[in-house]
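Chain by chain, the residues run as shown.
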Amino acid sequence: MKFNFQHGQEAGSPAPATDGTDIAASAATFKDQVANALAIDQGLPRFLYELAVRLPAEPDIQALCVWLYEPVRQATRPHVPLGRLPGKLRNGTGFPLEDSIAARVWQEQQPLMINTKAETRFPGFARDLLEAGIESFCGVPLMIANHRIGVLGLASTKADAFCHFKLQFMQRASDAAGLPGSLPDGASPLDHDRDRNKRTFYLEEQVRPEDRFEDIIGRSAMIHAVFDQVRIVAPTDSTVLILGETGTGKELIARAIHHRSSRSNRALVKVNCAAIPSGLLESELFGHERGAFTGAIARKIGRFELANGGTLFLDEIGDIPRELQPKLLRMLQEQEFERLGSTQTTRVDVRIVAATSRALPQMVANREFRSDLYYRLNVFPLRLPALRERPEDIPLLVRHFVDVCAGRMNKQVERVSKEAMAVLLAHPWAGNVRELQNFIERAVILSPGKVLRPPLAELQQSLDGLDAPGQWAAPRALTLKDAERDHIFQALAETNWVVGGPKGAAARLGLKRTTLLSKMERLGISRAQA
C-alpha cells in the first residue's frame, strides 16, 4: 500500500512532487507509521482499522475517511474509520466521479487541500464540512500495489492545518529481490514480505493511544490491570501502597493517581525516604522551629505542610527509621503533627501514596517495620509487575525509547534486527523498565545508521553476575561479631557519636549506656575509626 502524500503549499492547489530525500527532512513532522504494506485480501474492515491506527497521531487531524472506487456505479463511496464527519459522509452516500473533491483527486492523482470557508469549487461539500466544524480538508490519492483504489481524506478544525503540513510519498522500500518478477512461481508479495521479516525485525510496534496511560506505556494484560486499578482508586482519598521492584515505574503510577484525583490542581510533593539521612528525615517531613537543634537558624516548613490539600508521595517507605514510624502513624490517623521544637499542633489535609521495593510483611515479622503502620498504609495495595513478567511490552517500549532518544540526539534509527530483539526479549531485566531505557539510550548512541546496534555482549556480562532475575549475587555472609560491630558503628554515626541521652546511640539500639560502652570496648570501636 502506498499513499501519495506530498507537501502542499497553498490551500486549494495541488502540491509539487517531492523526492525520497524529503522523507528524512520531515521525519519529525510526520513519522513513517505507514511503512508496512497491507494485502488487498485482508478485507475492508481490517484495512480501515490498520489505516486508522497506523496514521501518525497528528494533533491537527481530527478525522479521516477513505473513498473507495466502485467501478460498477462509477462512484467513490466513503468509509469513516476515525473521527467525526458530516452525516453525508457517515451514511455511505457515494459521490459521482464528475463532481466531488474525491473525483478531482482520483482523476489527477494529486493531493488537494481546501479551506471550507473560502472554497468555491465544491460549495456543497465545503458547507457540510463547515457545519461539522471542519475548516480545512486534504484529499490524498490512495494506491495498493500500484493500483488506484480510492482517496484518503484528512479533516481538521484548523483553517491552515494543511498549508505547511508535510506529507510524503511512502511505500515499503523495494529492492531487486522485492520486484514481482523476481518472486518464485506461485508466491505472492505477502509471502515474500513474510519471508523477509523472518530475517529482519523492523520497529513496527506503534504506540497507539490505547497503549499510553498518562506517562506509562504498555498493552499487556498485567499492565492494563494496573491501569484499571488506578482508575478505580484515583478519585478517592484513600491511601495507596505501590509495591514493585526498582525501576518498574512506581513514581509514574503515583503521578497518575494524583493527576486523576480531585487534588490534581494542588501540589504533588515527593520524598525519597532512602535518600535522606535518618537524622534529617523527621525535619524534612514535619519541619522544625528555629533553634530546634544545632544549625536550625530559621523555621522550616516540612513536606506534609507543603503538600496540604494535595498528595504526598513517600517513596521507599520501607527505609523510614523505626523511631520515626510512630509519628508517621499518628499523621496518617489524625492528619496532625508538631514540628520539631514546637508544641503547637499543625493540621493538614494530605493524601498519602507510598511505595516500596521491599517486602513489608517480612519486615513486620522481623520487627523492622511497625505492624500498625503497615496496616494503615496497606489500604489499597497496588502491585506493579516486573518487566520480565510482561515481555510482550518490550518491543513497544523499545520503539518508544528509540524514538525518544533518537529524536533527542537528532538521529534516525528505524529498525532493529530480529536477533537483537530476541536477546532483548530473553533478558531478565533486573532493573526493569529503567534498565531497558538506559540500555536503549546507550544503543542509540552507538548506532551510526538507521539500524539499532545494541551492545548485546553487555547484557550477557550483567547476566553472569545475577543469581536470579531481579537479584544480584549475594555478598559474602558476615559473622555475628561483624554484623554487631557494623550495627553499632552505624548507630553511632547517625547520632554523631552521642552515646547516652534520649537521642543517643544506646537509646537507639535499646541498650543501657554502660552496656553499649562495654560492647564498644570489646569490639574495638572508637571514634578515631569514624
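Here the structure is shown first, and the text comes after it.
Residues numbered from 1 in each chain as written. Predicted model: local features only at pLDDT ≥ 70, side-chain atom pairs only at ≥ 80, totals over all residues. Heavy atoms only, no water.

*Asks:* For this particular structure, what's the right way to read the overall build of the chain?
*Replies:* Helix and strand content of the chain: 20 helices and 19 strands. Within the chain, buried positions represent 44% of all 530 residues. Counting only contacts in the chain whose residues sit at least 6 apart along the sequence, the fraction spanning at least 24 positions is 65%. Looking at the chain as shown, the accessible area adds up to about 26800 Å², and 51% of this sits on carbon and sulfur atoms. (Helix = DSSP H or I, 4+ residues; strand = E, 2+ residues; numbered from the N terminus. Buried < 20%, exposed > 50% of the residue type's maximum accessible area, 1.4 Å probe, protein only. Contact = heavy atoms within 4.5 Å. Areas by Shrake-Rupley, 256 points an atom, 1.4 Å probe, with all protein chains shown as cover.)

*Asks:* Is there a simple way to explain the packing of helix H14 (residues 394-409) against helix H15 (residues 418-426) in this structure?
*Replies:* Each pair of packed helices gets described by two things: the angle between the helix axes and the distance between those axes. With their axes 10 Å apart at the nearest point, H14 and H15 run at an angle of 115 degrees to one another. In this view, H14 runs roughly perpendicular relative to H15, as classed from their interaxial angle. In this structure, H14 meets H15 at a crossing whose hand is right-handed. Seen from H14, the contacting residues are Ile 394, Pro 395 and Val 398; seen from H15, they are Met 421, Leu 424 and Leu 425. (Axes fitted to C-alpha atoms, helices over the stretch in contact; angles between N-to-C directions. Parallel < 35°, antiparallel > 145°, perpendicular 65-115°, else oblique. Left-handed = near helix turned anticlockwise from the far one by under 90°.)

*Asks:* Where do I start with the pattern of salt bridges in this structure?
*Replies:* Close approach of charged atoms allows side chains with opposite charge to pair. Counted according to the given criterion, the structure contains 30 salt bridges. The salt bridge involving Glu 284 is made with Lys 300; its shortest N-O contact spans 2.7 Å. Of this pair, Glu 284 sits in helix H9 (residues 278-286) while Lys 300 sits in the loop between H9 and helix H10 (303-306), placing them 16 residues apart in sequence. Judged by its relative accessible area of 27%, Lys 300 falls in the partly exposed class. Where Arg 415 meets Glu 414, a salt bridge forms, and the shortest distance between an N and an O atom there is 4.0 Å. Within the structure, one salt-bridge network assembled from shared partners comprises Asp 215, Glu 251, Arg 255 and Lys 270. (Salt bridge = Lys/Arg side-chain N within 4 Å of Asp/Glu carboxyl O.)

*Asks:* Please explain the pairing of strand E13 (residues 311-315) as it appears in this structure.
*Replies:* The two faces of a sheet get side chains in turn, since along a regular strand they alternate between them. Burial analysis of E13 places five of its five residues in the buried class, the great majority of the element. Neither face of E13 is open: one carries Thr 311, Phe 313 and Asp 315, the other Leu 312 and Leu 314, and all of them are buried.

*Asks:* Hey, could you run me through helix H5 (residues 123-131) in this one?
*Replies:* It helps to recall that an α-helix has 3.6 residues per turn; residues three or four apart then point in one direction. For H5, the set of buried residues is Phe 125, Ala 126 and Leu 129. Seen from one end, H5 has its buried residues packed into an arc of 95 degrees, which puts them on one side. Positive backbone phi, at 90 degrees, marks Gly 133, one or two positions downstream of H5. (Arc of directions from axis to C-beta.)

*Asks:* I tried to follow the side chain of Asp 315 on my own but got confused; where do I start?
*Replies:* By the secondary structure assignment, Asp 315 is in strand E13. Here Asp 315 sits buried without a salt bridge, and the closest side chain of opposite charge, Lys 250, lies 5.4 Å off (N-O distance). The residues touching Asp 315, leaving out its near neighbours within four places in the chain, are Lys 250, Val 271, Asn 272, Cys 273 and Ala 355. (Lys, Arg positive; Asp, Glu negative; His and termini not counted.)

*Asks:* Sorry, what's going on with the environment of Arg 212 here?
*Replies:* Relative to the helices and strands, Arg 212 resides in strand E9 (residues 212-213). Apart from residues no more than four positions distant in its own chain, Arg 212 is found in contact with Val 207, Ile 217 and His 400.

*Asks:* Just checking my understanding: could you explain the nonpolar core for this structure?
*Replies:* Counting residues in hydrophobic clusters, the biggest one holds 31 residues, and the most contacted among them are Leu 285, Phe 304, Leu 312, Leu 314, Ile 317 and Phe 369. Mapped onto this core, the elements with two or more residues apiece are strand E12 (268-272), H9, E13, helix H11 (325-334), strand E16 (351-356), helix H12 (360-365) and helix H13 (371-377). Broken down by element, this core gets its largest block of residues, four residues, from H11. Residues contacting Ile 317, with those up to four places away along its chain left out, are Leu 241, Cys 273, Leu 328, Ala 354, Ala 355, Thr 356, Leu 360, Phe 369 and Leu 377. By size, the runner-up hydrophobic cluster in this structure holds 24 residues, among which are Phe 401, Ala 406, Met 421 and Leu 436. (Core = buried A, V, L, I, M, F, W, Y, C linked by side-chain atoms within 4.5 Å.)

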